[in-house]
Each structure stands twice: as C-alpha cells, then as structure tokens.
Amino acid sequence: MSKLQKLFSVSARRAQRVVGLSRGTAHYKSKRNDDALRIAMKRIAAERRRFGYKRIAVMLRREGQVHNLKKIYRIYREEGLMVKRRKGRKRALGTRLPLPKPDSLNQVWSLDFLSDQLSDGRRFRILGVMDQCSRECLALAADTSIGGARVARELDALVARYGRPLCIVSDNGTELTSRAILLWAQQNSVERHYITPGKPRENGFTESLNGRIRDECLNEHVFESLAAARRLIEAWRQDYNNVRPHGSLAHKTPAAYRAGLRSTLAVAQPGACPRPQT
C-alpha cells in the first residue's frame, strides 16, 4: 500500500480500494509470538547439525510442540538453519548459526592467512589470530608453509597463554578445515564457524586487521630473510596491540581494552559457542 500511495500520491483508502484490499486486512498485525519455537529449533539444530526442517519438526513433536510444517520451514529459513551439503573429503563443518557481536574476551577468535615474498622472490605465509572483542592481534606466525597441524600447534600455544576460546571463525581454506583442525576443535571443545565462500565481509574484523598489516607493515618493508620478516612482523604486532590507538575502542589500545575487561571479570566462561539472542 505504501508504494502505491507514494507512486500515485493517493490516500490509503484509495489505494486499498484499487487493489481490492479490505481495511481490516491492510491494518492487521499478527499477535503470535514464535520466540519459544525459534529457541527450540535453534537448540535442536545446534545438537543435530545434519537435521533438516522435517526431522527438526519430528524432534519438536517428541517434546510436545506440534506445529504446522510450513511454519517450521518458514522459521527454519528465517533463522538460517539450512544444512550445508558436504563436498569432497571429510572436513570440519562448524556451527550452523549466525554469530552475535562478541562482548567478552575469548568469546570469538578470528583466523586468516596473508601472503608476501622475500627479497629473493620466495613466498611465505602469515597466520593471523585475533580476539574479536578486544581487537587484539594474538599471533602473526610467518613461515614458508603453514598446514593444519601447524595451525593447531599455534592455537595450543595461544590457549596456554590467553585461555580457550568458545568459538573460532575462519574461511573455508584447506588448512582451516583439515582433519588436524577438526581433531583440535573436538579435543578442546571449541566450536567452529565458517564464513560463506566468497563473502569475506562476514569475517570483517580480520579483514580489517589484514588491511592494516598489509598497509602498515608488509608494504613498508623489504624482507631479506624469513627471520627478518618474523622480527619485523612481530614488532608491528606489539605496536598494534600496545601503542596504536583504535577508533572502535574509543582510541584505546587493544591491550588496554583487554586489561579493562579483565578488571570487570568479562572473560567468557568455557561452554558452547555463543548464540544470538532472540
């Protein structure tokens, strides 16, 4: 109705008469509340990651919640609970639910890779790990090759220093979906969340960090050796965490912001991956 009113500059009654819509229907507002059903569906989807909407409906009926299958499907689509098809060899799958904005330390860590080259043309890679809440760059590991097992070892070192994260976010690269990472996540009870292929904005915190690393460090130096690259990259990481002000943190440094959160005991407790609030 609003489109017709704006397009032809007519009243609401005139627009309703033209399309044959009663005033009662036009002004009707649903009074139903599906919050409890949505919470129950998300809980079942988290526990049964390969269940589609029909099996979720069966599980709901077993709990005494009988609903129309079309309604189940509508909420299933709205909440983004669709099952992703498996392709190729066995890989880590991750959670199906969208993640909320992190509000405590160790709630969500982001992982991503960058690449650069030494002065002799040899390529090397950099594994970046970031705490999404404090924006702190926890690690920048540089090497000529970084596989899934190496990623797991780097994560073990970070867990020993900072504590265990509830969830880790990354793209679908082979190193981050390998058996080694699947095993590490199971052993440490850490949820995995993979962004949609081709949509790096879903991991915007890390994309922003990657831009800073590229602009302020990698493009500013010529690395004569891998050892020199590691030294310069680590020096940049320390400056990023302890000196460089961040606009998103009210111009505090990530280290100062982390210290402030720790003083208020805002460290996430071990448990499941954080769920969005309904």
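Check the entry above for the structure.
Residues numbered from 1 in each chain as written. Predicted model: local features only at pLDDT ≥ 70, side-chain atom pairs only at ≥ 80, totals over all residues. Heavy atoms only, no water.

Student: How do you make sense of the overall build of the protein when you look at a structure like this?
Tutor: For the protein, the helix and strand inventory stands at 11 helices and five strands. In the protein, buried positions account for 41% of the 278 residues. A fraction of 63% describes how many contacts in the protein between residues 6 or more apart in sequence connect residues 24 or more apart. Total accessible area computed for the protein in this model is approximately 16,000 Å², and 50% of it derives from carbon and sulfur atoms. (Helix = DSSP H or I, 4+ residues; strand = E, 2+ residues; numbered from the N terminus. Buried < 20%, exposed > 50% of the residue type's maximum accessible area, 1.4 Å probe, protein only. Contact = heavy atoms within 4.5 Å. Areas by Shrake-Rupley, 256 points an atom, 1.4 Å probe, with all protein chains shown as cover.)

Student: I tried to follow the pattern of salt bridges on my own but got confused; where do I start?
Tutor: Note that side chains of opposite charge can pair when their charged atoms are close. Using the criterion set out here, one finds 18 salt bridges in the structure. Arg74 is paired through a salt bridge with Glu78; the nearest N and O atoms lie 3.4 Å apart. Of this pair, Arg74 and Glu78 both sit in helix H6 (residues 69-78), four residues apart, roughly one helical turn. Taking relative accessible area as the criterion, Arg74 reaches 26% and is therefore assigned partly exposed. Between Glu216 and Arg212 there is a salt bridge, with its nearest N and O atoms 3.8 Å apart. Of this pair, Glu216 and Arg212 both sit in helix H9 (residues 204-216), four residues apart, which is roughly one turn of that helix. Using a relative accessible area of 28% as the deciding quantity, one classes Glu216 as partly exposed. A relative accessible area of 30% means that Arg212 is categorised as partly exposed. Via salt bridges that share partners, Asp34, Arg38, Lys42, Lys71, Arg74, Glu78 and Glu79 belong to a single interconnected network. (Salt bridge = Lys/Arg side-chain N within 4 Å of Asp/Glu carboxyl O.)

Student: Please explain the pairing of strand S1 (residues 108-117) as it appears in this structure.
Tutor: Both faces of the sheet carry side chains from a regular strand, because those side chains alternate between them. Along S1, eight of the 10 residues are buried, which leaves the element largely enclosed by surrounding structure. Where S1 and strand S4 (residues 167-170) come together, three bridges link them in parallel fashion. In the sheet register, Ser110 faces S4, and the bridge partner there is Val169. Bridge count between S1 and strand S2 (residues 123-131): nine bridges; the pairing is antiparallel. (Pairing = 2+ DSSP bridges.)

Student: Mind showing me how you'd approach helix H8 (residues 179-188) here?
Tutor: Structurally, the α-helix is built with 3.6 residues per turn, so residues lying three or four positions apart point the same way. Among the residues making up H8, those that are buried are Ile181, Leu182, Trp184, Ala185 and Asn188. Along H8, the residues classed as buried sweep out an arc of 165° about the axis, all on the same side. For H8, the exposed residues set more than 90 degrees away from the buried face come down to Arg179, Gln186 and Gln187. Considering only its buried residues, H8 is in contact with helix H7 (148-162), S4 and strand S5 (191-194). (Arc of directions from axis to C-beta.)

Student: Please explain the pairing of S2 as it appears in this structure.
Tutor: Most of S2 sits out of view: seven of its nine residues are buried. Taking the residues that link successive antiparallel strands as the turn, the S1-S2 hairpin has five residues, and the phi of Gly121 there is positive, at about 95°.

Student: Where do I start with unusual backbone geometry in this structure?
Tutor: Working note: non-glycine residues mostly have negative phi, and peptide bonds are mostly trans. Positive phi, close to 60°, is recorded for Ala250, a residue that is not glycine. Mapped onto the elements of the fold, Ala250 is located in the loop between helix H10 (226-242) and helix H11 (254-263). Given the relative accessible area of 58%, Ala250 is considered exposed. Backbone geometry at His251 places phi at a positive 65°, although glycine is not the residue there. Residue position: His251 is located in the loop between H10 and H11.

Student: Please clarify how H7 should be interpreted in this entry.
Tutor: In this model, H7 (15 residues) spans 21 Å end to end at C-alpha, consistent with the 21 Å of a helix rising 1.5 Å per residue. Here H7 has its buried residues at Gly148, Arg150, Val151, Ala152, Glu154, Leu155, Leu158, Val159 and Tyr162. Looking at the residues trailing H7, positive phi occurs at Gly163, about 105°. (Expected span 1.5 Å × (residues − 1).)

Remember, this is a structural readout, not a statement about activity or role.
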